[in-house]
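An overview of the molecular structure
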Amino acid sequence: MTPADPDLEGAFAQVAAWIGRYYRETRSYPVLSQTKPGDLVRALPSEAPVEGQAFERIFEDFQRLVIPGITHWNHPRFFAYFAISAAPIAVLAEALAAALDVNAMLWRTSPAATELEDVTLGWLRAMLGLPSTLHGIIYDTASIGGFTALAAARESLDLDIRARGMAGRGDLPALRVYITEHTHSHVEKGAIALGLGRENVVRVPVDDAFAMRPEALARAIDDDVAAGRRPMCAVATVGTTSTTSTDPVAAIRAVTRERSVWLHVDAAYGGPAAILPEFRWLLDGAHDADSIVVNPHKWMFVPVDLSVLFVRDPEQLRRTFSLVADFLETPETGVHNYMDYGLQLGRRFRALKFWFVLRAFGVRGMQERLRAHIALAQELASWIEAAPDWQVVAPHPLSVVCFRYVPGGIEDAKADALNTAIMDAVNATGEVYLSSTRLYGRVVLRIAIGNERTTRDDVALAWELLQREAFARLPLTAR
Ligand SMILES: *Cc1c(COP(=O)(O)O)cnc(C)c1O
């Protein structure tokens, strides 16, 4: 098939029809892929075809071989990790972006890609109630946005690490990063990649609601300074990955400001809830953080990948990363050349899908969807709380509920195995998919609601299957 080929539009029409059907019939697919390791590798030849093949054959193999190996993240009964979804309107935008195939490394290599990024992130900033002093930039993931913020925090210490590096220097103190046991693992990975060392990632104690204790943070920082170590960055999370707990950002900001420590706010999942007036408080104190991450690809119906890093001082990113090769020099001034603000040179046109979604939903539509998810999670928590032998085990302010099945008098270790067995059995049905975590060392089941098309019936089915599998595992005498 070539651009001149009359079959081209026919192929597009076939794909469009397939996608339309997929959205109508998503529930007919097993959520968790039922394939075994190696199934797809064995089904495909070990070398690329020498002669080109027809679209029909490729598309048939996509449906016959690839689809069974898909775990359907876009399924309304995907409740694992953080549930996500691709709004259909964003799929259209992705098709258009792929067709344009722009590389927005410099403003001039597609002015609209850079400027649409500035416009949509300005909209997002206002929706979140963040001040216009923050500047947003799109990265692929929160992990990379967080790494970028850490690198800027390190450069802001004025230790000349950009020029001289860290190795072999007797004049460098240990650089310290403050997190909690509930902080997402990308922060520690970033510390590894930046040569800080895992032992310089400090776990600050949390309270009963799994939130960082600001006074413990203050003590940790002061102890480090007294011992000759250099505090570099504290990370506050709005919506942790295990339980969606939120660290007290304003109190943490007060501690870090007084001590001139960079504050990074990881609001990858929880941030979007601040679009709701009743959840504005989530970002209290974040308005003057040094950096904030929010993931539209998590709970704003934008397909993977699109993560936003807001920074107070975008010039700090340029001071950290900018290296302009001769062949990339351009005459424009007063424009953003986003290759200067991070590791990657090439950049996809990600803002297009976000712009489509924000326009198609409007602020109100976004608010309604988020509110509906939070309400579903609260209703699920009330069902679990009312059921004998089931416990809700963490606060659930947003759209995630953590719970555990503990039939009378069972030992902790046995309850762990039992909960894992129930989850595995429920997931094996293919009807729903949920995941687990650990709290206080014990296995805890977790239902995350976040798909645009999830209904009350979908959540009720998950709860019914959990109860069924739990009942099936009770000793006969106890039934
Ligand atoms: C999901 C999540 C991340 C990681 O997001 P990616 O975009 O996949 O890197 C980081 N932090 C928090 C709090 C998250 O919920």
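- Per an unreviewed UniProt entry, the protein is named Aromatic-L-amino-acid decarboxylase, and its organism is Vulcanimicrobium alpinum.
- Of the protein, the UniProt comment under Sequence similarities (unreviewed entry) reads exactly: "Belongs to the group II decarboxylase family."
- Under the UniProt heading Cofactor (unreviewed entry), the note attached to the protein is "pyridoxal 5'-phosphate".

Remarks on the packing of aromatic side chains
- For the coordinates displayed, the defined rule picks out 21 aromatic pairs.
- Residues tyrosine 269 and tryptophan 299 carry aromatic rings whose centres are separated by 5.0 Å and whose planes lie at 15 degrees to one another, so their mutual orientation is stacked. Of this pair, tyrosine 269 sits in the loop between β5 (262-266) and β6 (291-294) while tryptophan 299 sits in helix α11 (residues 296-299), placing them 30 residues apart in sequence. One exposure class covers both tyrosine 269 and tryptophan 299, and it is buried.
- Clustering of aromatic rings is evident, with ring pairs tying together Trp18, Tyr22, Tyr23, Tyr29, Phe55, Phe59 and Phe62.
- Taking the ring centre of tryptophan 355 as reference, the NZ or CZ of arginine 359 above it sits at 4.8 Å.

Thoughts on the sheet that holds strand β9 (residues 400-405)
- Spatially, the four strands line up as an open sheet ordered β8-β9-β11-β10, and their pairing is antiparallel. Only two strands of the sheet have a single neighbouring strand rather than two, namely β8 (390-392) and β10 (435-439). Strand-to-strand twist of the sheet, defined as the mean angle between neighbouring strand axes without regard to direction, takes the value 40 degrees.
- Alignment of β9 against strand β11 (residues 442-448), held across four bridges, turns out to be antiparallel. Directly across from phenylalanine 403, in β11, lies its bridge partner leucine 445.
- Sheet strands touched by helix α15 (residues 456-472): β8, β9 and β11. Its angle to β8, the strand with the most contacts, is close to 135 degrees.

Cut-offs applied
- Residues numbered from 1 in each chain as written.
- Predicted model: local features only at pLDDT ≥ 70, side-chain atom pairs only at ≥ 80, totals over all residues.
- Heavy atoms only, no water.
- UniProt positions renumbered as here; feature names shortened; annotations may be inferred.
- Phe/Tyr/Trp six-rings, centres within 6.5 Å; stacked < 30°, edge-to-face > 60°.
- Helix = DSSP H or I, 4+ residues; strand = E, 2+ residues; numbered from the N terminus.
- Buried < 20%, exposed > 50% of the residue type's maximum accessible area, 1.4 Å probe, protein only.
- Lys NZ or Arg CZ within 6 Å of the ring centre and 35° of its normal.
- Pairing = 2+ DSSP bridges.
- Axes fitted to C-alpha atoms, helices over the stretch in contact; angles between N-to-C directions.
- Contact = heavy atoms within 4.5 Å.

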